[in-house]
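Coordinate analysis (summary)
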Amino acid sequence: MLVAVVVAALLAACANMGRPEGGPKDETPPVYVRSNPRMGQLRVTGSRITVEFDENIALDDAMNKIVVSPAQRTTPAISSNGRRITIELRDSLIPNTTYTVDFADAIKDLNEGNILDGLALDFATGDTIDTLRISGMVFEARNLEPAQGMLVGVYSNLSDTAITTLPFERITKTNQLGQFTLRNLKEGTYRIFAVKDQNRDYHWDRSEDVAFYDVTISPTAVPTTVVDTLESASGLRDSLVTRGATRFLPDDVLLTWFNEGYASQYLRDHKRDGLNKLTMEFGTRADSLPRMRLVNTHRSGDDISLWAALDASATLDTLTYWITDSTLSDLDSLTIEAQYMRTDTTGGLSLTTDTLRFNLRGVNTKKRRLEAEKKEAERLARQMEEIARRNQDIHERNKRRIEEGEDTIEWQKPPAPEKKFLDFKLSSSAQQDLNRPMIFKSATPIASIDSTAVKMEMMVDSVWYPVAAPRLSRPQPLRPMVYTAPYDWEEATKYRITIDSAAVTDVYGLHNARIQQEITTKSRADYSTLSFNLHGINGRAAVVELLSSDNTVMSAPVRGSNALLEYINPGTYYVRLFIDANGDGLWTTGSIADSIQPEEVYYYPRKINLKKNWDVENEWDIYELPIDQQKPLEIKKNRPKLKDSDRTDSTDDEEEDEFFDDPFMRNATRNNGLGTSPGGGIRQNIIR
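In this numbering scheme, every chain counts its residues from 1 along its sequence in written order. Only residues with pLDDT of at least 70 get local features here, since the model is predicted, and only at 80 or more are side-chain atom pairs given and counted; chain-wide, interface and lining totals rely on the full set of residues. Only hydrogens and water are set aside when side-chain values are computed; all heavy atoms of the structure are taken into account.

Topic: the overall build of the protein
Stated formally: Runs of E in the DSSP output that reach at least two residues are strands. Runs of H or I that reach at least four are helices, and both are numbered from the N terminus. Each residue gets one of three labels from its accessible area relative to the maximum for its type: buried under 20%, exposed over 50%, partly exposed in between, using a 1.4 Å probe on protein chains only. In these tables, accessible area is a Shrake-Rupley quantity obtained with a 1.4 Å probe, and a residue counts as shielded only by the protein chains included in the view.
Of the regular secondary structure elements, the protein holds six helices and 47 strands. Taking all 688 residues of the protein together, the buried fraction comes to 42%. For the protein, the accessible surface area stands at approximately 37,200 Å², while carbon and sulfur atoms represent 49% of it.

Here it is in structure tokens:
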């Protein structure tokens, strides 16, 4: 009887199934449970590694984020299945060596995407395991963007050539915040670098991004204390407990990466863009122009400067030659001997000579010219036929008028021949900025400008009065198609510039048509002015840059401890400063060979909203905030990725702010060759 009652109760329970209530949102990352080999295991011989967790996991970009140190010549095979990660090492294990498998932020739970950041598994093939660590952060030198997924490594070989010839001895990669921890180091002295290792050879090649620390590092471990918060079974905080721990130093290394801008020099392309244009493109900037001379045609041996006009980019890596001799432009093919500097097998530059053919591909120049002449003759014939027909009509009407006794007769003035003018015009806006020149552009290279034919007038009380004329000049000597005309403008004033016809002549003898254009200058009240009283410069040369998003709008040198930016159009801006170590007014990259760091960069930590007729003055201590906290979040590009379940349009910034608010980020220092300066944002390296 009792059995029957129990069975009935169970059936009733099964028959009344309800909807399970949802529990609290899972915000906890996966928890490490066990591994083979174990954490810190000695005398390991197998090449298969497994790691298990308390829930199903997924891997994010495992091949790039998970790093095995020492570096593996053959890429390990990495896979996940349910709660387990499996790694197959394909290189033989090195005897008496400590190995580290650094998972960085590659592990997350399968359902909610909670990231487990900083897990590392270590084991040794010998009887001891190395335990020292170095921690820090890596940023891009020019814009302080956190370097995500950048390789960080050390050498105990302190030679200057180690970085270019030897693989790193111990490696790791930066996480989404640019943080890194190099684990399981032996006692000793090291040099530390960060590299964007494009070809996976675990050292630096000259074209790759790189960062280096100015001084050698000797890692140490010191005892410390930490405070833990105990929680009750209900999840409420119960009490604080202090206990001993180990802190590994240094834990505040700041590396700023740069690119030397090295690229192999070679002739990338050469072509003939049309009848009268030759173009040459080189692999990188050049310090000199190539020597070029014809080796065919009746002008064989003539240097290119005798029969073409050059339009060159500022870096001399793109050259356009405009052929001025029509007997050459009419030819289908030109052969030129070119002598230029080229990167040789040693990585240096040496003079090389090429014979280049410039062909009009798929075009017969003589045939094209004959066809053009035929079309022009046909057009003129049609025009003459139309004129003859009209004249015949006029003749018939005049004949009737004479017969009817009228005195007035019609006549037709022959049409004036069409005249072709040089395409030369003012390209700057009719609403003229007070701090900018007028800009003129031409479709073909200019040979000469008659300055006496340029006139300027200013309107006063609705009357035009002549004023001093601007002088047109090339802003770059090798750009003969762009001219500027600086002028001392009066604000809120109407001007009229006139350039007489035939004042401008191009290399083909074409002249301009008469140009007359009115220009109205802006008022000073249309602009804002921004100034800074700077602290921390300490007499060093510096430049302040005004940014729209992260792009430079204008810049101004720091004079003493002050910087002034004028004629700013209203809008939202950001501000950056760099220490101009070489005094050239430009941000300068670093050099590995010469041990020169890139010029230091600092950000004003807040955006600035400017309105018309505002004069804004700010105090700015460039060391007030740590380096990693200076750049405003609105223009930071390398942000941590959000979990899909947390991503909403309205909460992205709040979520990312929480990610960046790390309680362990404290007391970083920047090694800038002038001592250290306050910084921050380096995760402390503590064993709890």
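Considering the packing of aromatic side chains
We apply this condition: Geometry of aromatic contacts follows a simple scheme: Phe, Tyr and Trp rings, the Trp one being its six-membered ring, pair when their centres are within 6.5 Å, and the pair is stacked under 30 degrees between planes, edge-to-face over 60, tilted otherwise. Think of it as a cone above the ring: NZ of Lys or CZ of Arg counts as a charge over the ring if it is within 6 Å of the ring centre and within 35 degrees of the ring normal.
Evaluated as defined, the whole model comprises 14 aromatic pairs. Ring geometry for Tyr99 against Phe123: centres 5.6 Å apart, planes inclined by 10°, an arrangement best described as stacked. Here Tyr99, found in strand 7 (residues 98–104), pairs with Phe123, found in strand 10 (residues 119–124); they are 24 residues apart in sequence, far enough to count as distant. For the pair formed by Tyr99 and Phe123, the shared burial category is buried. Each ring, one from Tyr604 and one from Trp620, has its centre 5.5 Å from the other, and the planes form 80°; the classification is edge-to-face. Of this pair, Tyr604 sits in the loop between strand 42 (601–603) and strand 43 (608–610) while Trp620 sits in strand 44 (residues 615–621); the two residues are 16 residues apart in sequence, bridging distant segments of the chain. The same class applies to Tyr604 and to Trp620, which are both buried. Through pairs of rings, three or more aromatic residues link up here, namely Tyr155, Phe168 and Phe193. Above the face of the Tyr262 ring, Arg206 is positioned so that its terminal group lies 3.9 Å from the ring centre.

Structural notes on the sheet that holds strand 36 (residues 515–521)
Selection rule: Two strands are counted as paired when DSSP detects at least two bridges linking them.
Read from one edge to the other, the open sheet built from five strands follows the order 28-36-34-31-32, with strand pairing classed as mixed. Edge positions in the open sheet fall to strand 28 (431–432) and strand 32 (463–467), since each of these has one partner strand only. Relative to strand 36, strand 34 (residues 494–499) runs antiparallel, the two sharing six bridges. Among the inter-strand pairings, Lys494 is bridged to a residue of strand 36, identified as Thr520.

What about the sheet that holds strand 8 (residues 107–109)?
The strands making up a sheet are joined through hydrogen bonds of the backbone, oriented either antiparallel or parallel. With respect to topology, three strands assemble into an open sheet ordered 3-8-9, the strand pairing being antiparallel. Two strands lie at the open edges of the sheet, namely strand 3 (57–59) and strand 9 (115–116), each paired on one side alone. With three bridges joining them, strand 3 and strand 8 adopt antiparallel strand pairing. Looking at strand 8, one finds that Leu59 is bridged to Ile107.

What about the nonpolar core?
Condition: Buried Ala, Val, Leu, Ile, Met, Phe, Trp, Tyr and Cys residues form a nonpolar core when they are joined through side-chain atoms within 4.5 Å. Throughout, a contact is declared for two residues whenever any of their heavy atoms are within 4.5 Å.
Among the nonpolar cores identified, the biggest contains 37 residues, and Leu530, Phe532, Leu534, Val544, Val575, Leu577 and Trp620 are the most heavily contacted of them. With six residues, strand 41 (residues 571–579) is the largest single contributor of residues to this core. For Phe532, the contacting residues outside a window of four places in its chain are Val544, Ser561, Asn562, Ala563, Val575, Tyr604, Ile608, Asn618 and Trp620. Grouped together as the second largest cluster of nonpolar side chains are 24 residues, Phe424, Leu426, Leu472 and Tyr483 included.

Digging into the environment of Lys65
With respect to the secondary-structure elements, Lys65 resides in helix 2 (residues 62–65). Considered as a pair, Lys65 and Ala106 are 41 residues apart in the sequence and their alpha carbons are 5.9 Å apart. Discounting chain neighbours no more than four positions away, the residues touching Lys65 are Asp60, Asp102, Phe103, Ala104, Asp105 and Ala106.

What about the pairing of strand 37 (residues 528–535)?
A large share of strand 37 lies buried, amounting to seven of its eight residues. Of the pairings in the sheet, the one linking strand 37 to strand 40 (residues 562–568) comprises five bridges and is antiparallel in character. Following the sheet pairing, Ser528 is matched in strand 40 by Ile568. Both strand 37 and strand 44 contribute to a ladder of seven bridges, which runs parallel. Across the sheet, the residue bridging to Thr529 is Asp615, located in strand 44.

Details of the confidence of the model for the protein
Short version of the rule: Looking at any residue, its pLDDT shows the predictor's confidence there, from 0 to 100.
In the predicted model, the protein carries a mean pLDDT of 86, and 85% of its residues have values of at least 70. In this model, residues 1–20 is a region of pLDDT below 50 whose contacts with residues beyond four sequence positions or in other chains number zero contacts. Here residues 649–684 scores under 50 on pLDDT; set against residues more than four positions off or in separate chains, the count is 93 contacts.

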